[in-house]
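Residues per chain, in single letters:
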There are 2 protein chains.
Amino acid sequence: MASGRRTIKDVARLAGVSLGSASRALSGANNVSEDTIARVQRAAASLRYRPNHAARSLRSRSTKTIGCMFSDLSNPLYARLFGTLEDRLAREGYVTLISNTSNQLDREIRTLKLFTERGLDALIIAPAHERNRELNEFIEHLPMPYLILDREMLVKADTILFDHAAGIAQVVDHLAELGHTRIGLVTANLKSRPGRRRIAAFKAAVRAHGLKLSDENLVLPESSMSSAYDDVIKMLSRKDRPTSIIVQGTGVLSSTMNAIARLGLRIPDDISLVSIGRADFILNHVPAISTLRVDYEKLSEEITARLFERLGNGNGRKPPLRRLFPYVFEVRGSSTAPPRE
Amino acid sequence: MASGRRTIKDVARLAGVSLGSASRALSGANNVSEDTIARVQRAAASLRYRPNHAARSLRSRSTKTIGCMFSDLSNPLYARLFGTLEDRLAREGYVTLISNTSNQLDREIRTLKLFTERGLDALIIAPAHERNRELNEFIEHLPMPYLILDREMLVKADTILFDHAAGIAQVVDHLAELGHTRIGLVTANLKSRPGRRRIAAFKAAVRAHGLKLSDENLVLPESSMSSAYDDVIKMLSRKDRPTSIIVQGTGVLSSTMNAIARLGLRIPDDISLVSIGRADFILNHVPAISTLRVDYEKLSEEITARLFERLGNGNGRKPPLRRLFPYVFEVRGSSTAPPRE
DNA sequence: ATGAAAGCGCTAACAC
DNA sequence: GTGTTAGCGCTTTCAT
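Nothing here was measured: the structure is a model prediction, and the numbers come from that model.

Time to look at the interface of chain A and chain B. Much of the literature gives interface size as the accessible area that the parts lose upon coming together. Counting residues at the interface gives 56 residues for chain A, matched by 55 residues for chain B. Taken together, chain A and chain B are joined by 30 residue pairs in polar contact (both at pLDDT 80 or more). Elements with a minimum of two residues in the side of chain A that touches chain B: α4 (53-60), α5 (76-91), β2 (95-100), α6 (105-117) and α11 (251-262) of chain A. Looking at the side of chain A that touches chain B element by element, the count peaks at six residues for β2 of chain A.

Once that is clear, we can look at helix α2 (residues 19-26) of chain A. All names here are of chain A. Every buried residue of α2 is accounted for by Ser21, Ala22 and Ala25. End-on, the buried residues of α2 take up no more than an arc of 100°, which puts them together on one face. For α2, the secondary structure elements touched by its buried residues are α1 (8-15) and α3 (34-46). Immediately downstream of α2, the backbone of Gly28 shows phi near 65°, a positive value.

Domain boundaries in chain A define domain 1 (8-51), domain 2 (61-162 + 296-324) and domain 3 (164-294). Distance between the C-alpha centres of domain 1 of chain A and domain 3 of chain A: 61 Å.

This part is about the side chain of Asn217 of chain A. Residue and element names in this part refer to chain A. Residue position: Asn217 is located in the loop between α9 (193-208) and β7 (218-219). A distance of 2.9 Å separates polar atoms of two side chains, one belonging to Asn217 and the other to Arg238. Discounting chain neighbours no more than four positions away, the residues touching Asn217 are Arg182, Ile183, Gly184, Leu185, Met235, Arg238 and Pro242.

The immediate surroundings of DNA strand D are formed by 24 residues, with Arg59 and Arg61 of chain A together with Ile8, Tyr49 and Arg59 of chain B found nearest. At the protein interface, 61% of the atoms of DNA strand D within 4 Å belong to sugar or phosphate. Between DNA strand D and Ser21 of chain A, the relevant distance is 2.8 Å, taken from a phosphate oxygen to a side-chain nitrogen or oxygen of the residue. Take Ser33 of chain A: an N or O atom from its main chain is 3.0 Å from a phosphate oxygen of DNA strand D. Secondary-structure elements contributing two or more residues to the surface near DNA strand D are α2 and α4 of chain A together with α2 (19-26) and α4 (53-60) of chain B. Ranked by residues supplied to the surface near DNA strand D, first place goes to α2 of chain B with four residues. Across the surface near DNA strand D, the residue classes tally to eight nonpolar, 10 polar and six charged.

The rules behind the values
- Residues numbered from 1 in each chain as written.
- Chains lettered and ligands numbered in written order.
- Predicted model: local features only at pLDDT ≥ 70, side-chain atom pairs only at ≥ 80, totals over all residues.
- Heavy atoms only, no water.
- Contact = heavy atoms within 4.5 Å.
- Polar contact = N/O pair within 3.5 Å; in protein donor to acceptor, adjacent residues only side chain to side chain.
- Helix = DSSP H or I, 4+ residues; strand = E, 2+ residues; numbered from the N terminus.
- Buried < 20%, exposed > 50% of the residue type's maximum accessible area, 1.4 Å probe, protein only.
- Arc of directions from axis to C-beta.
- Domains from an automatic or database assignment.
- Near = heavy atom within 4 Å.
- Nonpolar A, V, L, I, M, F, W, Y, C, P; charged D, E, K, R; others polar.

Here it is in structure tokens:
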């Protein structure tokens, strides 16, 4: 079967043209005759010819491949972003290579080495270890353009940061306006930026409204896949329990909903709920869940725009870009309501 | 930066050896002196040398890459399988390239073309269109070994099929033994094998127990992401509603749980529930949900074993393999109980 | 154990 | 518009 693989040489011979003409005909260059194109294409089709990507990228110095490094693809939030991004890049003729690192440092470094060896054209990365020296140094020496997603690395580079502060503030504003004075937060206590920022932003927003900030209204499981069940049960069983909660839309959310159901509480009658991130598994929830989410279409657009800017010739050492990307607060109306009292 | 990329030539020059020796030293051949190896490695490190994968695979005719084609990676079941598979293959030095096709025929064909162009070493595929002629023909002419996952294609090839019949039968047996006489099924009405087989197996198993098979106990939403909420509400509001249900562990499951909670039913007191597939979002559910699942570790093992068998020299036209892969019924005890009456 | 040289399949530069 | 040729970076002969 390896020997059965046809090369462009075979195509050229069958079409009765030179190797160069065959290449031009196949790649849609402008200086080829209609006739040549037709004959070459017919020859290629009849031979089931498929260009050899290794040879092509060795010569052209482009792999037409973009690498993505996330912590975990089964995180429903990332899975959705990746899907959108893949579609967007495919339209541009790029393949997306993704890698899960499970937040492990050695896997992050190994992944970047791999991406380098494979000569990927550009990268989109969200490393877990923002202050690790070795990782930062490696990233700094990356030979291709790259974009950092919602991480504050030591190295100065193109970065898109989610505006957690403004996003969370919007939600807290909304709940406070409805009359809620006791607001809870349920989110993984991550060391990386999203975790840090979310918690800090929540505290700041609650204080800004002159509400008292009780640690008892904070449920911070270790990871996004941890169960928040027991702690949420405890939090919502208190006499002065929060009347509204903001919940990270991962495994944390499903265990929270589980706890709410178990306590016989109704959304929004007994408790208002807002999800951070629009997880697939609550997409059809009844009632619809208000969500603080990122517009993945727009984000993909933004990411590709930045990447292609660097990929083009306009890469002449423009200063690193730092962009704050907004959240969208999608009030579905039915998951939040004024507190009863 | 492109010009900054070091080649093996640079390494050889700095180490003071020939290009060939440098290659041998780096690839750990046996006919190199310790001294050479040391000097070459030092040179490589100081130059931050990274081998060029395109050149390597052009020459060696191996990309060390395995392609996976699934319908949808945000399907929690597939996401988990992919993660396991990726880890397993990485340990063998292979990179995994995945592609979502969203069950679209043109994307499936485009993906296979892409995989061919990139010269992937082997493929794992689960096409949606099992009887499409063009697709089958394309697959038949694939130049690399491939393995078909739970699909009955026209083309005869290595195939691993999930044993839906035995799996579903096990669950129905369990429920029948507990005394359930009215058992429901909630699963996407897919055209592809998993959908077809699940529904057929359910009907057969119910009949085998002499139970009456009521269409009213079948909820078959269009896709795995569809909401089953309204239909489950309807099904469980009937006087003679099922006392136990088997539910596909995707978006279908979350909307079903949503409906159960809304009706104020308790698991397992009011209704027994078994999930098909162990979705992340119910991993920590209270009570634990009994699950009919595939052992992804074992499956990954099986898949890699098959693939490497074909990849090795033992590929001499052994007849296509057809393997029935078992489900594991994990009774968590607490989500199923005898019906009350 | 080492160096020299061929060549993987392709694109791009150069002649005409 | 077309043919010829060089060479991308590497592995793998073949001499020595």
